[in-house]
Every structure is written in structure tokens, then in C-alpha cells.
Amino acid sequence: MAIEHTFSILKPDVTRRNLTGKVNAVIEAAGLRIVAQKRIHMTRAQAEKFYGVHKERPFFGELVEMMTAAPVVVQVLQGENAIAKYREVMGATNPEKADAGTIRKEFALSMGENSAHGSDAPETAAQEIAQFFAGNEIVG
Ligand code: CMP
């Protein structure tokens, strides 16, 4: 299996409740290494660009509001098969459908406030990482 990088966001519902350490403990226990990390307050422009693929969806406005309402932690995760592995660790988008032990089952509040974001494919991982990190900020 290839070593991959994936992009992760710990969302405002996590920073607000002081849960960044608990969520990252789940990520690290799964064998993923955090190789870049920063806490930022996303601007509206950053959130609208990041979620541009969803701009026609009915929840887009609510999503941008939620992502800019409080700080987030953006990070790059490295590991074997990291993209699929992190999606497994996060669980289903809807926390009610997420498996026990996943981040969303354990911590998410709702479909919108679902604690974590993870890239869905290698191309999106590369784009998402490049939106928030320069190459020299990623250190394995
Ligand atoms: P994420 O994995 O970051 O990708 C898109 C986000 O949109 C998703 O997590 C949720 O936070 C949000 N989202 C997806 N579906 C809905 C929905 N039906 N209602 C509100 N928010 C949603």
C-alpha cells in the first residue's frame, strides 16, 4: 500500500468544546501521523473556496456560516492508505449512521456540525492541502 497524505479539518464544534486532543488521539491511534497542523479562523472566502463543490447545495450557506463561526484546526495526515483510512476513522457524514468508535459517532453533534473533514480522493487531497499549507510546512 502506498504512503499517502490527506487533508483534515477539526471543525468549530471540536475547538469550541476543547476536544482537539481527544479527536487527534483517535487519529494517531489509527496509525496516522500529523505532519502539518495549524489553528486558524477561516475567512468566508476561504470557506466558500474550500467547499465550492457544494455551492449549489441547500446547506451551503449554513456550512460556510458554521465553518467560519469559530477557529478550526487544519492538518495534513500521513500514512499507508491515509485517505481511505482517515475516512474510516471519521465515520459516516451523518453521525447517526457512523460506526461506534469513529470520530463522528463519538463526538459529532449533527450532520452539519460533524466534527471532522477528510479528503475523498488523491486529487482533492492535493488541492485541499495546497489551499492551506506550503510544501515546507509539511514535515514527516
Ligand atoms: P464534510 O465532510 O466537511 O463535507 C461537506 C460538509 O457539508 C459535511 O462534512 C457536513 O459538515 C456538511 N453537510 C453535508 N450534508 C449536509 C446536510 N444535509 N445538512 C447540513 N450540512 C451538511
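Please refer to the structure placed before this passage.
About the thresholds
Residues numbered from 1 in each chain as written. Predicted model: local features only at pLDDT ≥ 70, side-chain atom pairs only at ≥ 80, totals over all residues. Heavy atoms only, no water. Helix = DSSP H or I, 4+ residues; strand = E, 2+ residues; numbered from the N terminus. Buried < 20%, exposed > 50% of the residue type's maximum accessible area, 1.4 Å probe, protein only. Near = heavy atom within 4 Å. Polar contact = N/O pair within 3.5 Å; in protein donor to acceptor, adjacent residues only side chain to side chain. 1 Å grid on protein atoms, 1.4 Å probe; cavity = no way out; pocket = protein on both sides within 12 Å on 5 of 7 lines; lining within 4 Å. Sits in = over half its atoms within 2 Å of the grid points. Nonpolar A, V, L, I, M, F, W, Y, C, P; charged D, E, K, R; others polar.

Visitor: Quick rundown of the environment of Lys85? Include the residues and the values.
Guide: As for its position among the elements, Lys85 is in helix H5 (residues 82-90). When its relative accessible area of 27% is taken as the criterion, Lys85 is described as partly exposed. Remark: the alpha-carbon pair of Lys85 and Tyr51, spanning 34 residues in sequence, is separated by 22 Å.

Visitor: A description of the site of the ligand should follow, citing residues and the corresponding values.
Guide: Around the ligand, the structure places Lys11, Tyr51, His54, Phe59, Glu62, Leu63, Arg104, Met111, Gly112, Asn114 and His117. A distance of 2.7 Å separates an oxygen atom of the ligand from a polar side-chain atom of Lys11. Within the side chain of His117, an N or O atom sits 3.0 Å from an oxygen atom of the ligand. At a threshold of 2 Å from the grid points, most atoms of the ligand map onto the largest pocket. Per-class residue counts for the shell around the ligand are four nonpolar, four polar and three charged.

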